[in-house]
Amino acid sequence: QVQLVESGGGLVQAGGSLRLSCAASGSISSINYMSWYRQAPGQQRELVATITSGLRTNYADSAKGRFAISRDNAKNTVSLQMNSLKPEDTAVYYCNAAPYIDPRLGSWGQGTQVTVSS
């Protein structure tokens, strides 16, 4: 399994943008599912967006139209562009790399904090 390191989190005002990056220790070209999840205090971890090895994308309803996931297999990175951020987007964001749709079968990064102020 690859090791994942997220970066790009921070404090931003509502309406602002952030770009999260996830760097993998090895090749991601054959990893079927690269995903971003988030976990807010007191809440369960939830899916934000997924991109497959075939570049199909899937977004949570809360992310549609505002977030965009992408992957660069040559650089072994996955990114999440987040626009029009809202206070409810505040959470720790985690990268996941999994061979199947179930993230429990894959690797997690340590997370990066995103805080959106109102």
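Above this text sits the structure in question.
Since this is a predicted model, take the numbers as computed values, not measurements. (Residues numbered from 1 in each chain as written. Predicted model: local features only at pLDDT ≥ 70, side-chain atom pairs only at ≥ 80, totals over all residues. Heavy atoms only, no water.)

J.: I would appreciate a short explanation of empty space enclosed by the protein in the present structure.
T.: One simple way to see leftover space: roll a probe sized like a water molecule over the atoms. This model, assessed by the stated rule, comprises one cavity of 30 Å³ or more. The space that makes up the largest cavity amounts to roughly 40 Å³. Taken together, Tyr33, Ser35, Tyr37, Thr50, Asn96, Ala98, Tyr100, Ile101 and Pro103 make up the full set of residues lining the largest cavity. Those elements that provide at least two residues to the lining of the largest cavity are β4 (33–39) and β9 (91–98). Here the lining of the largest cavity is composed, by residue class, of six nonpolar, three polar and no charged. (1 Å grid on protein atoms, 1.4 Å probe; cavity = no way out; pocket = protein on both sides within 12 Å on 5 of 7 lines; lining within 4 Å. Points joined across faces, edges and corners; volume = space filled by probe spheres on them. Helix = DSSP H or I, 4+ residues; strand = E, 2+ residues; numbered from the N terminus. Nonpolar A, V, L, I, M, F, W, Y, C, P; charged D, E, K, R; others polar.)

J.: Would you mind going over the nonpolar core with me for this structure?
T.: It is characteristic of soluble globular proteins that their nonpolar side chains tend to be buried jointly. One finds Trp36, Leu80, Met82 and Tyr93 to be the most contacted residues of the largest nonpolar core, which totals 29 residues. Of all the secondary structure elements, the ones that give two or more residues to this core are β3 (18–24), β4, β5 (46–52), β7 (67–72), β8 (77–82), β9 and β11 (112–117). (Core = buried A, V, L, I, M, F, W, Y, C linked by side-chain atoms within 4.5 Å. Buried < 20%, exposed > 50% of the residue type's maximum accessible area, 1.4 Å probe, protein only.)

J.: How should the environment of Ser30 be read in this particular structure?
T.: Counting through the fold element by element, Ser30 comes out in the loop between β3 and β4. Once the C-alpha coordinates of Ser30 and Tyr100 are considered, the two residues, 70 residues apart in sequence, prove to be 11 Å apart.

J.: Sorry, what's going on with the pattern of salt bridges here?
T.: Any two side chains of opposite charge can pair, on the condition that their charged atoms come close. Throughout the structure, instances matching the rule amount to five salt bridges. The salt bridge involving Arg66 is made with Asp89; its shortest N-O contact spans 2.8 Å. With Arg66 in the loop between β6 (57–59) and β7 and Asp89 in the loop between β8 and β9, this residue pair connects regions lying 23 residues apart in the sequence. A salt bridge links Asp102 to Arg104, with the shortest nitrogen-to-oxygen separation between them at 2.9 Å. (Salt bridge = Lys/Arg side-chain N within 4 Å of Asp/Glu carboxyl O.)

J.: Teacher, can you tell me more about the environment of Ile51 here?
T.: Mapped onto the elements of the fold, Ile51 is located in strand β5. Taking C-alpha positions, Ile51 is 6.0 Å from Tyr33, a pair spaced 18 residues apart along the chain.

J.: Please explain the side chain of Arg66 as it appears in this structure.
T.: On the basis of relative accessibility, which here comes to 12%, the residue Arg66 falls in the buried class. Polar side-chain contacts of Arg66 include one of 2.9 Å to the backbone oxygen of Ser84. Among the polar contacts listed, one links the side chain of Arg66 to the side chain of Asp89, at a separation of 2.8 Å. In this structure, Arg66 is in contact with Gln81, Met82, Asn83, Ser84, Leu85, Lys86 and Asp89, ignoring residues within four places of it in sequence. (Polar contact = N/O pair within 3.5 Å; in protein donor to acceptor, adjacent residues only side chain to side chain. Contact = heavy atoms within 4.5 Å.)

J.: I tried to follow the sheet that holds β3 on my own but got confused; where do I start?
T.: Note on sheets: strands pair through backbone hydrogen bonds, and any given pair is parallel or antiparallel. What the four strands build is an open sheet, ordered β1-β3-β8-β7; its pairing is antiparallel. Lying at the two open borders of the sheet, with one neighbouring strand each, are β1 (4–7) and β7. On average, each strand axis in the sheet is inclined to that of its neighbour by 15 degrees, with strand direction left out of account. With six bridges connecting them, β3 and β8 associate as antiparallel partners. Bridge pairing in β8 links Cys22 to Val78. (Pairing = 2+ DSSP bridges. Axes fitted to C-alpha atoms, helices over the stretch in contact; angles between N-to-C directions.)

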